[in-house]
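Fold and geometry: a report
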Amino acid sequence: MNENELLIRRFYDAFAKGDAETMAQCYHAEAHFSDPAFGTLEADEARDMWRMLLANAKGRLIITYNHVEATDAEGSARWTARYHFSRTGRDVTNHIKASFVFKDGKIFRHDDYFSFWRWSQQAFGAMGWIIGWSGWFQRKVRKQALGSLLRFRMAA
């Protein structure tokens, strides 16, 4: 197992334990993160997103991962998040594909891919099934997610 595979495993092991600070330490100072819910975040925003998500989960988040692969430059993993979506009270199981680019022994780029429509069906029920595929709905959810992140960062 190479150093970058160990880095990915350290990141997801910390995530599974609710340890946002170890997760944050895995990121390069100039890191970038993206996913369908938040869009693109810069390093400190990404670190705070993980802090916020773990704080809001209040220990009710189950993280599993597998298929970790990495070279000296790039890597990937598959992970699953099981949690209670507090906004609607619905349970969600989200299957995510992650890709990584490494720099200086840290995660420089982290992109998470998942079906927003499948996620929205679980998180929002019938409304997600009907309009979760639409750009309008995705932009609305992203705006709410970024608003939550901004409030979290201002309160910190």
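In the block above lies the structure referred to throughout.
Described below are features of the structure shown in this document.

Scoring rules and cut-offs
Residues numbered from 1 in each chain as written. Predicted model: local features only at pLDDT ≥ 70, side-chain atom pairs only at ≥ 80, totals over all residues. Heavy atoms only, no water. Helix = DSSP H or I, 4+ residues; strand = E, 2+ residues; numbered from the N terminus. Rg over C-alpha atoms; globule rule 2.2 N^0.38 Å. Buried < 20%, exposed > 50% of the residue type's maximum accessible area, 1.4 Å probe, protein only. Contact = heavy atoms within 4.5 Å. Pairing = 2+ DSSP bridges. Axes fitted to C-alpha atoms, helices over the stretch in contact; angles between N-to-C directions. Core = buried A, V, L, I, M, F, W, Y, C linked by side-chain atoms within 4.5 Å. Parallel < 35°, antiparallel > 145°, perpendicular 65-115°, else oblique. Expected span 1.5 Å × (residues − 1). Polar contact = N/O pair within 3.5 Å; in protein donor to acceptor, adjacent residues only side chain to side chain.

**Thoughts on the overall build of the protein**
Helix and strand content of the protein: six helices and six strands. Helices (α) and strands (β) of the protein occur, in sequence order from the N terminus, as α-α-β-β-α-β-β-β-β-α-α-α. For the protein, the C-alpha radius of gyration of 15 Å lies close to 15 Å, the compact-globule estimate for 156 residues. For the protein, buried positions account for 43% of its 156 residues. Sequence separation of at least 24 residues holds for 52% of the intrachain contacts in the protein that already meet a minimum separation of 6.

**Describing the sheet that holds strand β3 (residues 62–70)**
Strand order across the open sheet formed by six strands is β2-β1-β6-β5-β4-β3, with mixed pairing between neighbours. Across the chains shown, the open sheet's two edge strands, defined by having one partner strand only, are β2 (39–42) and β3. Neighbouring strand axes in the sheet, compared pairwise and without regard to direction, differ in orientation by 15° on average. As paired elements, strand β4 (residues 74–85) and strand β5 (residues 90–103) share twelve bridges and run antiparallel to each other. Its bridge partner lying in β5, Arg 78 is registered against Lys 97. Where helix α4 (residues 116–124) meets the sheet, its contacts fall on β4 and β5, and the angle it forms with β5 comes to roughly 145°.

**So, the nonpolar core**
In this structure, Tyr 12, Phe 15, Trp 50, Trp 79 and Trp 119 are the most contacted members of the largest nonpolar core, which totals 45 residues. Per element, the largest residue contribution to this core is seven residues, and it comes from helix α3 (residues 43–57). Look past the residues within four positions of Trp 79 in its chain and what remains in contact with it is Tyr 12, Phe 15, Trp 50, Ile 63, Thr 64, Tyr 65, Asn 94, His 95, Ile 96, Ala 98 and Asp 112.

**As for the packing of α3 against helix α6 (residues 135–155)**
Each pair of packed helices can be described by the angle between their axes along with the distance between the axes. Put simply, α3 and α6 touch, their axes get as near as 10 Å, and they point 90° apart. It follows from the interaxial angle that α3 and α6 lie roughly perpendicular. Mapping the contact onto sequence places Asp 44, Glu 45, Asp 48, Met 49, Arg 51, Met 52 and Ala 55 in α3 and Ser 148, Leu 149, Phe 152 and Arg 153 in α6.

**What about the environment of Leu 149?**
Structurally, Leu 149 can be placed in helix α6. Along the backbone, Leu 149 and Leu 53 are 96 residues apart, and their C-alpha atoms lie at a distance of 9.1 Å. Residue contacts for Leu 149: discarding those within four places in its chain leaves Phe 38, Leu 41, Glu 45, Asp 48, Met 49 and Met 52.

**With respect to helix α1 (residues 3–17)**
In a regular helix each residue adds 1.5 Å, so 15 residues correspond to 21 Å; α1 covers 21 Å between its end C-alpha atoms and thus fits that length. Within α1, burial applies to Asn 4, Glu 5, Leu 7, Ile 8, Phe 11, Tyr 12, Ala 14 and Phe 15. Between the side-chain oxygen at the start of α1 and the backbone nitrogen of Asn 4 there is a gap of 3.0 Å, and the oxygen is on Asn 2. At the C-terminal side of α1, Gly 18 shows a positive phi close to 80°.

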